[in-house]
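Here's the letter readout for the chains.
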Amino acid sequence: MSAELEKVIVDALREMHFDTSSINPETPLGDGGLELESLSIAELVMQLDGQGVEFTDEEMETLPGLTFGEFVNEAARRAAG
């Protein structure tokens, strides 16, 4: 995982008023975890745009099914590519 990008994501979630105190790589983004819904996912992805991370609308619909670690890894892959 990219530590720098992970910090950007955690900071963005904190600014969005999500509790980030217990986030770990296994924390689900959706149900049973951060409980991010489509609007929150879109806002998070928009905040990552400055990092070179982009997701299509269709891809954003699948993001709640990822864990935090999976999301950070995918965002890092996209930022590098």
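Right above here is the structure, for reference.
The present account deals with the structure reproduced in this document. Quick caveat: nothing in here was measured; it's all calculated off a predicted structure.

What counts, and at which threshold
Residues numbered from 1 in each chain as written. Predicted model: local features only at pLDDT ≥ 70, side-chain atom pairs only at ≥ 80, totals over all residues. Heavy atoms only, no water. Helix = DSSP H or I, 4+ residues; strand = E, 2+ residues; numbered from the N terminus. Rg over C-alpha atoms; globule rule 2.2 N^0.38 Å. Buried < 20%, exposed > 50% of the residue type's maximum accessible area, 1.4 Å probe, protein only. Contact = heavy atoms within 4.5 Å. Areas by Shrake-Rupley, 256 points an atom, 1.4 Å probe, with all protein chains shown as cover. Phe/Tyr/Trp six-rings, centres within 6.5 Å; stacked < 30°, edge-to-face > 60°. Core = buried A, V, L, I, M, F, W, Y, C linked by side-chain atoms within 4.5 Å.

Let's talk about the overall build of the chain
A count of helices and strands for the chain gives four helices and zero strands. Ordered by position in the sequence, the α and β elements of the chain form the string α-α-α-α. Against the compact-globule benchmark of 12 Å for 81 residues, the chain has a radius of gyration of 11 Å, which places it among compact chains. Expressed as lengths along the three principal axes of its C-alpha atoms, the size of the chain is roughly 30 × 25 × 20 Å. Looking at the chain as a whole, 40% of its 81 residues are labelled buried. Within the chain, contacts between residues at least 6 apart in sequence are counted, and of these 62% link residues at least 24 apart. Entry remark: accessible area of the chain is about 4800 Å², with carbon and sulfur atoms responsible for 48%.

Section: the environment of proline 28
Structurally, proline 28 can be placed in the loop between α1 (3–15) and α2 (38–48). Residue proline 28 is classed as partly exposed on the basis of its relative accessible area, which comes to 27%. Linking proline 28 and isoleucine 9, residues 19 residues apart in sequence, is a C-alpha distance of 14 Å. When near neighbours in sequence (up to four residues on either side) are disregarded, proline 28 contacts Gly33, Leu34, Leu66 and Thr67.

Examining the environment of phenylalanine 18
For phenylalanine 18, the location among the structural elements is in the loop between α1 and α2. For the pair phenylalanine 18 and alanine 76, spaced 58 residues apart in sequence, the C-alpha separation works out to 21 Å.

Thoughts on the packing of aromatic side chains
Within a pair of aromatic rings, the relevant descriptors are the distance that separates the centres and the angle that separates the planes. Tallied over the entire structure, the rule returns one aromatic pair. Where phenylalanine 55 meets phenylalanine 71, the ring centres are 5.8 Å apart and the plane angle is 20°; that geometry is what we call stacked. Here phenylalanine 55, found in the loop between α2 and α3 (57–62), pairs with phenylalanine 71, found in helix α4 (residues 68–80); they are 16 residues apart in sequence, far enough to count as distant. Overall, the relative accessible area of 1% leaves phenylalanine 71 in the buried class.

Considerations on the nonpolar core
Core analysis: the largest hydrophobic core is formed by 24 residues, its most contacted members being Ile9, Leu13, Leu36, Leu44, Phe68 and Phe71. Only α1, α2 and α4 provide two or more residues apiece to this core.

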